[in-house]
Amino acid sequence: MKTQVAIIGGGPSGLLLSQLLHTRGISSVVLERKTKDYVLGRIRAGVLERGLVSLMEEAGCADRMHAEGFIHDGTLLSYGDELFRVDFAEHTGATVMVYGQTEVTRDLYAAREASGGQIEFEVENVVIHDTKTDTPFVTYDVAGDARRIDCDFIAGCDGFHGVSRKTLPEDVRQEYEKVYPFGWLGVLSETPPVNDELIYANSPRGFALCSMRNANLSRYYIQCPTSDRPEDWSDDAFWAELKRRIPADQAAKLVTGPSIEKSIAPLRSFVTEPMQWGRLFLCGDAAHIVPPTGAKGLNTAASDVHYLYNALLEYYETGSEAGVNGYSAKALKRVWKAERFSWWFSSLMHRYPDQTEFDYKIQVAELEFLRSNRAAQQAMAENYVGLPY
Ligand code: RFL
Ligand code: PHB
């Protein structure tokens, strides 16, 4: 088989890139290790930056998002029973869209299928070849059948556990990592959200987040030890702990119900450099991970896709390789800013096992500063709605 861009990974990065390329007449084939149902069963991010909203529009996949998503022009932060708001619209003139990653992915699959996009599911043994030449190719198996795709470029959109990053030789690849000593226990429930905006809570018992998917679907998280397993937490224990971590007036109006999904995600900051090796380009979680505080994971994947899409367009429309050659340097500049923000927000909001009273007082002082200082609120708002591409 032959295509212009072989895309490894049918998560949001791979699908968005494939659909954007399609709108400009550039062919691609997506290779996905799992089934479509499996990919759509993963409950992940919920907040879309304006940049990702624009990319969905450009990809022709924004109708349902605009009809069903919720525009948020601020967020709430709490510490103890104190609660304050950071107004995104006032400080930046921009807003974010609350619309789940599952729905983004569903819309992208629908668009690829409607336009006859080629997606191979349940592929195994993907191997990337000859990326330092002009004729790279990918080999893989489907149901025991060995296949090969010849292409101009390869996009490694296969997430943190994929093969693309590991294709970069070890002596070239530099990895930077910070592992946090806690995870997030997340619950999805068919209950109305406790509040119409998100609440990020720093409590003496640990972090909590009140988020949502729609008017009758709530997403809540609490910080937990990394050794915990979802089955250690009954629904009742989860709700009781969440109520202890959010301001009393919010806890009083929290509607609880059976969980329809419960999972624990570890928190990690990770960046690999460079994000390209010849004609192989890494996008999204294949190249970097952020802790979810601030919702930058999916959004940073989207900014990579933006840079790569534009570089490929330049190549196919003008023949210039300047954009593709500069992809890694350009993408990494924004990646590190998202890493910084996610690390800062995580450090501000969580309890660390070795945290002293001094450290807690510093967190509270920083939250009080943020509460009262316009410049600090503006800096947070600019990062939250998404730095410009
Ligand atoms: P994905 O979504 O991991 O998709 C990669 C796809 O590649 C496939 N794959 C392969 N395909 C072919 N061959 C191989 N060898 C392959 N290896 C893997 C996988 O099956 C998968 O379908 O990466 P992508 O597209 O870069 O998208 C990134 C986002 O998914 C990610 O940044 C966010 O979901 C991160 N994240 C969160 N971000 C937020 O902003 N807010 C959140 O609340 C949030 N929660 C989460 C998260 C990530 C999690 N992970 C990765 C464990 C919760 C979890 C549990
Ligand atoms: C979510 O709704 O899943 C969500 C929202 C904001 C975050 C992280 C996760 O910072």
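Just above sits the structure.
Keep in mind that this is a model prediction, so the values were computed, not measured.

This brings us to the overall build of the protein. The helix and strand tally for the protein stands at 14 helices and 20 strands. What you see for the protein is a C-alpha radius of gyration of 21 Å, in line with the 21 Å of a compact globule of 389 residues. Principal-axis analysis of the C-alpha atoms gives the protein an extent of 60 × 40 × 40 Å. A buried classification covers 55% of the 389 residues belonging to the protein. Excluding contacts between residues fewer than 6 apart, the proportion of contacts in the protein whose partners are at least 24 apart in sequence is 72%.

The next point concerns the side chain of Thr 3. As for its position among the elements, Thr 3 is in the segment before strand 1 (5-8). A relative accessible area of 8% means that Thr 3 is categorised as buried.

Let's shift gears to the sheet that holds strand 11 (residues 145-150). One open sheet accounts for three strands, arranged 9-10-11; its pairing is antiparallel. A single partner strand is all that each edge strand has here, and the edge strands are strand 9 (123-129) and strand 11. In this sheet, adjacent strand axes meet at a mean angle of 20° when their direction is disregarded.

Right, let's get into the pattern of salt bridges. Inspection of every chain in the model, using the stated rule, returns 28 salt bridges. As a salt-bridge pair, Asp 87 and Arg 85 come within 3.0 Å of each other at their nearest N and O atoms. The class for Asp 87 is buried, based on a relative accessible area of 18%. For Arg 279, the salt bridge is made with Asp 134, and the minimal N-O distance between the two is 3.5 Å. Here Arg 279, found in the loop between strand 18 (276-277) and strand 19 (280-282), pairs with Asp 134, found in the loop between strand 9 and strand 10 (137-142); they are 145 residues apart in sequence, far enough to count as distant. Residues participating in the shared-partner salt-bridge network are Arg 64, Glu 68, Glu 103, Arg 106 and Asp 107.

The next thing to look at is the site of ligand 1. Close to ligand 1 lie 29 residues, the nearest being Ser 13, Glu 32, Arg 42, Gln 101 and Asp 285. Measuring from an oxygen atom of ligand 1, one finds a side-chain N or O atom of Ser 13 at 2.7 Å. Within the side chain of Tyr 221, an N or O atom sits 3.4 Å from an oxygen atom of ligand 1. Within the complex, the protein chains bury 85% of what would otherwise be the 1000 Å² of accessible surface of ligand 1. Contributions of two or more residues to the shell around ligand 1 are made by helix 1 (12-23), strand 9 and helix 10 (297-318). Partitioned by chemical class, the residues of the shell around ligand 1 number 13 nonpolar, eight polar and eight charged.

Moving on to the environment of Ala 201. Among the secondary structure elements, Ala 201 is positioned in strand 14 (residues 199-203). Overall, Ala 201 belongs to the buried group, its relative accessible area being 0%. The spatial distance from the C-alpha of Ala 201 to the C-alpha of Pro 247 is 8.2 Å, given a sequence separation of 46 residues. In contact with Ala 201, other than residues within four places in its own chain, are Ser 78, Gly 206, Phe 207, Ala 208, Arg 245, Ile 246 and Met 349.

This next bit is on the sheet that holds strand 14. Taken together, the eight strands give an open sheet; going across it, the order is 6-5-14-15-16-13-17-20, and neighbouring strands pair in mixed fashion. The sheet is open, and its two borders are formed by strand 6 (82-87) and strand 20 (288-289), each paired with just one other strand. In the sheet, strand 14 pairs with strand 15 (residues 206-214) via five bridges, with the strands oriented antiparallel. Looking at strand 15, one finds that Ser 203 is bridged to Gly 206. The strands that helix 12 (residues 327-349) touches are strand 5 (74-79), strand 13 (174-189), strand 14, strand 15, strand 17 (259-273) and strand 20; relative to strand 17, the one it contacts most, it runs at about 130°.

The subject of this paragraph is the layout of surface pockets. One simple way to see leftover space: roll a probe sized like a water molecule over the atoms. One number sums up the size of the second largest pocket: a volume of about 230 Å³. As for the second largest pocket, its lining consists of 13 residues, of which Gly 100, Glu 103, Arg 213, Asn 214 and Leu 217 are closest to the centre. When contributions to the lining of the second largest pocket are tallied by element, the ones reaching two or more residues are helix 4 (63-68), helix 6 (101-114) and strand 15. The class makeup of the residues in the lining of the second largest pocket is five nonpolar, four polar and four charged.

Around ligand 2 lies a shell of 15 residues, among which Tyr 200, Ser 211, Arg 213, Tyr 221 and Pro 292 are the nearest. Residue Tyr 200 places a side-chain N or O atom 2.6 Å away from an oxygen atom belonging to ligand 2. For ligand 2, an oxygen atom lies 3.1 Å from a polar atom in the backbone of Gly 294. For ligand 2, the protein covers 98% of the area, taking 280 Å² as the surface of the free molecule. If you list the elements that add at least two residues to the shell around ligand 2, you get strand 15 and strand 16 (217-224). Here the shell around ligand 2 gets three residues from one element, more than from any other, and that element is strand 15.

Our next topic: the packing of helix 10 against helix 12. Between helix 10 and helix 12, the shortest axis-to-axis distance is 10 Å and the interhelical angle comes to 160°. By the angle class used here, helix 10 and helix 12 are roughly antiparallel. In this structure, helix 10 crosses over helix 12, and the sense of that crossing is right-handed. Taken together, the residues of helix 12 that come into contact with helix 10 (itself represented by Asn 299, Thr 300, Ser 303, Asp 304, Tyr 307 and Leu 308) are Tyr 327, Lys 330, Ala 331, Arg 334, Val 335 and Ala 338. Along the lines of polarity and charge, the residues of the contact of helix 10 with helix 12 split into six nonpolar, three polar and three charged.

Reading the values: rules and limits
Residues numbered from 1 in each chain as written. Chains lettered and ligands numbered in written order. Predicted model: local features only at pLDDT ≥ 70, side-chain atom pairs only at ≥ 80, totals over all residues. Heavy atoms only, no water. Helix = DSSP H or I, 4+ residues; strand = E, 2+ residues; numbered from the N terminus. Rg over C-alpha atoms; globule rule 2.2 N^0.38 Å. Buried < 20%, exposed > 50% of the residue type's maximum accessible area, 1.4 Å probe, protein only. Contact = heavy atoms within 4.5 Å. Pairing = 2+ DSSP bridges. Axes fitted to C-alpha atoms, helices over the stretch in contact; angles between N-to-C directions. Salt bridge = Lys/Arg side-chain N within 4 Å of Asp/Glu carboxyl O. Near = heavy atom within 4 Å. Polar contact = N/O pair within 3.5 Å; in protein donor to acceptor, adjacent residues only side chain to side chain. Areas by Shrake-Rupley, 256 points an atom, 1.4 Å probe, with all protein chains shown as cover. Nonpolar A, V, L, I, M, F, W, Y, C, P; charged D, E, K, R; others polar. 1 Å grid on protein atoms, 1.4 Å probe; cavity = no way out; pocket = protein on both sides within 12 Å on 5 of 7 lines; lining within 4 Å. Points joined across faces, edges and corners; volume = space filled by probe spheres on them. Parallel < 35°, antiparallel > 145°, perpendicular 65-115°, else oblique. Left-handed = near helix turned anticlockwise from the far one by under 90°.

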